[in-house]
Amino acid sequence: MTASAAPSSSEAHPAKNRISRRVGAIAESATLAVDAKAKALKAAGRPVVGFGAGEPDFPTPDYIVEAAIAAAANPRFHKYTPAGGLPELKEAIAHKTLRDSGVSVSANQVLVTNGGKQAIYNAFATLLDPGDEVIVPAPYWTTYPEAIRLAGGVPVDVVTDETTGYLASVEQLEAARTERTKVLLFVSPSNPTGAVYSPEQVEAIGRWALDNGLWVLTDEIYEHLVYGDARFTSILHAVPELADRTVIVNGVAKTYAMTGWRVGWLIGPVDVVQAATNLQSHATSNVSNVAQVAALAAVSGDLEAAAEMKLAFDRRRQTIVRMLNEIPGVVCPEPQGAFYVYPSVKGLLGKEIRGQRPESSVALAALILDEAEVAVVPGEAFGTPGYLRLSYALSDADLVEGVSRMQKLLGEAR
């Protein structure tokens, strides 16, 4: 008699999932996926122009790099440091926040994190209980809803479009509010649209949040990238009474061309920051000391390098808007901040382009990559199908080449 084979682990425990439902539900970052695919195609020899990644194409300023080199040689930074950040960096961030945002905070209200993404996750994990709702204006950056869900919260979209410059009104926010609403996510300047709320709009939204007892999580990482007559306004500067219910998220990535250094921070009430610090002490402990010292040099220095980058971004902004609006079926509002455009391509969907009829912006983005060798991110990634996001944080020559290819391809739509 032959013994039967022992059941496999999965057969013996059929009800057990290999991946937790919580983590299995996370979608891959669409922007990073597009950027990775573009880089892979480039490595394979294809002349792809990538508009996917949201990072400056400039090197980190020399004085910041030199500070990091010196830190790497200093034995003090070879050891563990406080999980919440180097004391001198936290103090410098407090000074920088007053200088740039007009908001006065103390060092014990600052938590230094591994980039802005960890700051966002830490904040939602600290504020939300299962079932708490977060109002999220859309289009939104891809990480926001995932961080909310990971924390057990429920993102509630408030959809805006090009007719309002992608700005949400108080009336729209109020329509989305329920008894379960705990947090308003507020982002200005915005990724992916480049929208910037006026000081009056910021104050009105802040007053509404205050009157309804809501928390506000405000992402200010593009604070220095505003153009023309637009002005950055911190919601906490506009409505100081929100101080006990506001968390500010920021970092060095965009202003100082330091995306790879991974230094961000959150600022908030002392009890919230302490709780978030406790979380980080178990999750990652301190941010790399070398990167923290580089960030210290950045936030303690002047904004000369940032101003030079801003001039280049402004020039590219005007070029890409003009060229995209020359394509029949494309409507591209002029962004007032950040370094993205978010054109509507609804006028192209369903039309024939080289034997295909893309019915979604996902399909259109795939067609543009295959036929024009240009990488863009479809609007589905940001909660609003029918749009594309293009970053103009790339060289002037590559920008013109990439959009020219799109003009040629999409101009064939019939």
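See the structure above.
We now turn to the structure provided with this report. Quick caveat, the model's predicted, so the values are computed rather than measured.

Quick notes on the rules
- The written sequence of each chain sets the order in which its residues are numbered from 1.
- At least 70 in pLDDT is required for a residue's local features to be given in this predicted model, at least 80 for side-chain atom pairs to be given and counted, and no such filter applies to totals for whole chains, interfaces and linings, which use all residues.
- Excluding hydrogens and water, the side-chain values take into account all heavy atoms of the structure.
- Each helix is a run of DSSP H or I of at least 4 residues and each strand a run of E of at least 2, with the numbering of both proceeding from the N terminus.
- Between the two quantities, the radius of gyration covers C-alpha atoms and the globule rule is 2.2 Å times the number of residues to the power 0.38.
- Relative accessible area decides the class of each residue, using a 1.4 Å probe on protein chains only: under 20% of the type maximum gives buried, over 50% gives exposed, and in between gives partly exposed.
- Contacts: residue pairs with any heavy atoms within 4.5 Å of one another.
- Each accessible area value is a Shrake-Rupley result obtained with a 1.4 Å probe; residue values ignore everything except the protein chains displayed when judging cover.
- Charged-residue counts in this description rest on Lys and Arg as positive and Asp and Glu as negative, His and the chain ends being excluded.
- Throughout, a charge is located at the NZ atom of Lys, the CZ atom of Arg, the CG atom of Asp or the CD atom of Glu.
- Two strands are counted as paired when DSSP detects at least two bridges linking them.
- Nonpolar core, defined: a set of buried Ala, Val, Leu, Ile, Met, Phe, Trp, Tyr and Cys residues in which side-chain atoms within 4.5 Å join the residues together.
- A carboxyl oxygen of Asp or Glu within 4 Å of a side-chain nitrogen of Lys or Arg is what we treat as a salt bridge.
- Axes here mean lines fitted to C-alpha atoms, for a helix over just the part in contact, with angles spanning 0 to 180 degrees between N-to-C directions.
- Crossing chirality is assigned from the near helix's rotation relative to the far helix, an anticlockwise turn below a right angle marking it left-handed and a clockwise turn marking it right-handed.
- For a helix, the expected span equals 1.5 Å multiplied by the number of residues minus one.
- Side-chain rings of Phe, Tyr and Trp (the six-membered ring for Trp) are treated as a pair once their centres are within 6.5 Å; stacked means planes under 30 degrees apart, edge-to-face means over 60, and tilted covers the remaining angles.

1. As for the overall build of the chain
Move 1: Counting its regular elements, the chain contains 15 helices and twelve strands.
Move 2: Computed over its C-alpha atoms, the radius of gyration of the chain comes to 23 Å, within 12% of the 22 Å expected for a compact globule of 414 residues.
Move 3: The principal-axis extents of the C-alpha atoms in the chain amount to approximately 85 × 60 × 50 Å.
Move 4: Considering the chain as a whole, with its 414 residues, one finds that 54% of them fall into the buried category.
Move 5: Sequence separation of 24 or more characterises 73% of the internal contacts of the chain that already satisfy a separation of 6 or more.
Move 6: Just so you have it, the chain exposes about 17900 Å², and 53% of that area is on carbon and sulfur atoms.
Move 7: Looking at the chain, you have 36 positive and 46 negative side-chain charges, and the mean spots of the two groups are 5 Å apart.

2. Structural notes on the sheet that holds strand β11 (residues 377-378)
Move 1: Pairing in this open sheet of three strands is antiparallel, and the strands run β9-β12-β11 from one edge to the other. Taken across any chain shown, the strands that pair with only one partner, and hence form the sheet edges, are β9 (340-341) and β11.
Move 2: Pairing geometry for β9 and strand β12 (residues 388-391), over two bridges, is antiparallel. Residue pairing across strands places Tyr340 opposite Ser391, the latter belonging to β12.

3. Some points on the nonpolar core
Move 1: Judged by nonpolar contacts, the single largest core of 64 residues is most densely connected at Leu89, Leu173, Phe186 and Val252.
Move 2: When residues in this core are grouped by element, the largest group, eight residues, is from helix α12 (residues 289-300).
Move 3: In this view, Leu89 contacts Val112, Gln292, Ala295, Leu296 and Val299; residues no more than four positions away in its chain are not counted.
Move 4: Listed in part, the 42 residues of the second largest apolar core include Leu225, Met309, Leu348 and Leu390.

4. A look at the pattern of salt bridges
Move 1: Within the structure shown, the criterion is met by 21 salt bridges.
Move 2: For Asp396, the salt bridge identified is with Arg316, shortest N-O distance 3.3 Å. Placement of the pair is Asp396 in helix α15 (residues 396-410) and Arg316 in helix α13 (residues 304-325), with a sequence separation of 80 residues.
Move 3: Of the residues examined, Arg316 reaches a relative accessible area of 4% and is grouped as buried.
Move 4: The salt bridge involving Arg354 is made with Glu412; its shortest N-O contact spans 2.9 Å. Separated by 58 residues along the polypeptide, Arg354 in the loop between β9 and α14 (361-372) and Glu412 in the segment after α15 bring together distant segments of the chain.
Move 5: Residue classification places Glu412 among the partly exposed residues on the basis of a relative accessible area of 29%.
Move 6: Here the salt bridges share partners, and the residues they tie into one network are Asp57, Arg315, Arg316 and Asp396.

5. Thoughts on the packing of helix α6 (residues 115-127) against helix α7 (residues 143-150)
To characterise two packed helices, one gives the angle between the axes of the helices and the distance between these axes.
Move 1: In the contact formed by α6 and α7, the axes pass within 8 Å of each other and the chain directions differ by 35 degrees. For α6 against α7, the interelement crossing comes out right-handed. Along its contact with α6, which presents Lys117, Ile120, Tyr121 and Phe124, the element α7 presents Thr143, Tyr144, Ala147, Ile148 and Leu150.

6. Some remarks on α6
Move 1: Compared with the 18 Å implied by 1.5 Å per residue over 13 residues, the 19 Å span of α6 between its first and last C-alpha is a close match.
Move 2: Among the residues of α6, those classed as buried are Gly115, Gly116, Gln118, Ala119, Ile120, Asn122, Ala123, Phe124 and Leu127.

7. Focus on the packing of aromatic side chains
Move 1: Applying the stated criterion across every chain, the model contains eleven aromatic pairs.
Move 2: Centre to centre, the rings of Tyr166 and Tyr342 are 5.5 Å apart; their planes meet at 80 degrees, and the pair counts as edge-to-face. Taken together, the positions of Tyr166 in the loop between β4 (154-159) and α8 (170-176) and Tyr342 in the loop between β9 and α14 put the pair 176 residues apart, joining distant regions of the chain. Across the pair, Tyr342 and Tyr166 agree in class, each one buried.
Move 3: Judged by centre distance (5.0 Å) and plane angle (55 degrees), the rings of Phe339 and Tyr340 are tilted. Each member of the pair, Phe339 as well as Tyr340, carries the same accessibility label: buried.

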